[in-house]
Amino acid sequence: MRTHRRTLIAAALSLLVSMTAHAKDPKELVIGTSAGPYADQIRFGIKPILEKQGYKIKLVEFNDYVQPNFALAEGALDANVFQHIVYLTRFAEQHKLALSELVKIPTAPIAIYSHKHTSLDAVRPGSTVALPNDPTNQARALVMLDQLGWVKLKPGIDPIKASEKDIAQNVRQVKLLPLEAAQLPRSLQDADFAFVNGNFALASGLKLRDALRTETISPSYANLVAVRTADKDKPFARDIAAAYRSREFLEVTNRLFADYAKTDYQLALEKSTK
């Protein structure tokens, strides 16, 4: 099954590479992202800014956390927008890819939702809790479970690397259900509670304000724009970063993405206008 999936991914990447293998105008940029809010940030905020500078922007939307980095490394994409630095670092090291952070972006936090309960107080022994199965996002959920008092993590562990084996005590005797991040919104039909990444929550119609508890995002989990390391100082990369740092994009953020955690540079920009 895993071999079949890798074959499909390889075929998809080959198609993307073949589409971009011809000599490309340096003003033509292909940006990969997850379907939903980060695609919308580009579509409504970044794309118009770059188009004013003469760029032609093509968006490619993915429904997993694997293909976008391979596509970027292979040259099918010029940049991607879907991940935080913890995931990027781990993935790049694991697969020996030369990818780097370009700029952080406004981020929708991971949060716990329920279609069955209106309060976290409804948790009972045997309550089912769905959470991401990828290591970095699962760690975020486990830290929140520890903060809620539902589980107790072993003392001294690195919260960025927390896993199920680091649970010292399942205080509320909940049943953990690790799932692929994209499947977590759907799990709300059956699970009592589910931790859902912000992009998948919004793409599925969930509202951030409807979460029963939302994480306080640390810089480690703020999403980012990634590029090939060799491209980090190229003009197009500098222009993408400048677009995200612009006052124009801040205005789009305030209008369309008000519940997102703003970046340090956006907070500084807001402070400078007061």
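Residues numbered from 1 in each chain as written. Predicted model: local features only at pLDDT ≥ 70, side-chain atom pairs only at ≥ 80, totals over all residues. Heavy atoms only, no water.

Caption draft 1: Representation of the packing of helix α2 (residues 37-52) against helix α9 (residues 247-256) in the model. Closest axis-to-axis distance for the α2/α9 pair is 10 Å, and the angle between their directions is 160°. It follows from the interaxial angle that α2 and α9 lie roughly antiparallel. The two elements α2 and α9 meet at a crossing, and its hand is right-handed. When α2 is examined against α9, the residues Q41, F44, G45, I46, I49 and K52 are found in contact with a partner set consisting of E248, F249, V252 and L256. Of the residues assigned to the contact of α2 with α9, the class counts are 6 nonpolar, 2 polar and 2 charged. (Axes fitted to C-alpha atoms, helices over the stretch in contact; angles between N-to-C directions. Helix = DSSP H or I, 4+ residues; strand = E, 2+ residues; numbered from the N terminus. Parallel < 35°, antiparallel > 145°, perpendicular 65-115°, else oblique. Left-handed = near helix turned anticlockwise from the far one by under 90°. Contact = heavy atoms within 4.5 Å. Nonpolar A, V, L, I, M, F, W, Y, C, P; charged D, E, K, R; others polar.)

Caption draft 2: Up close: the pairing of strand β2 (residues 56-62). By the bridge criterion, 7 bridges tie strand β1 (residues 28-34) to β2 in an arrangement that is parallel. Within the sheet, the bridge partner assigned to E28 lies in β2 and is K56. Handedness of the crossover joining β1 and β2 through α2 is recorded here as right-handed. (Pairing = 2+ DSSP bridges. Right-handed = clockwise from strand over helix to strand, strands pointing away.)

Caption draft 3: Structural view of the side chain of N80. Positionally, N80 belongs in strand β3 (residues 79-84). In terms of polar contacts, N80 uses its side chain to reach the side chain of N69, at 3.0 Å. Within the structure, N80 has its side chain in polar contact with the side chain of Q83 (distance 3.1 Å). Leaving out residues up to four positions away in the same chain, N80 has contacts with G32, P68, N69, L72, L224, V225 and A226. (Polar contact = N/O pair within 3.5 Å; in protein donor to acceptor, adjacent residues only side chain to side chain.)

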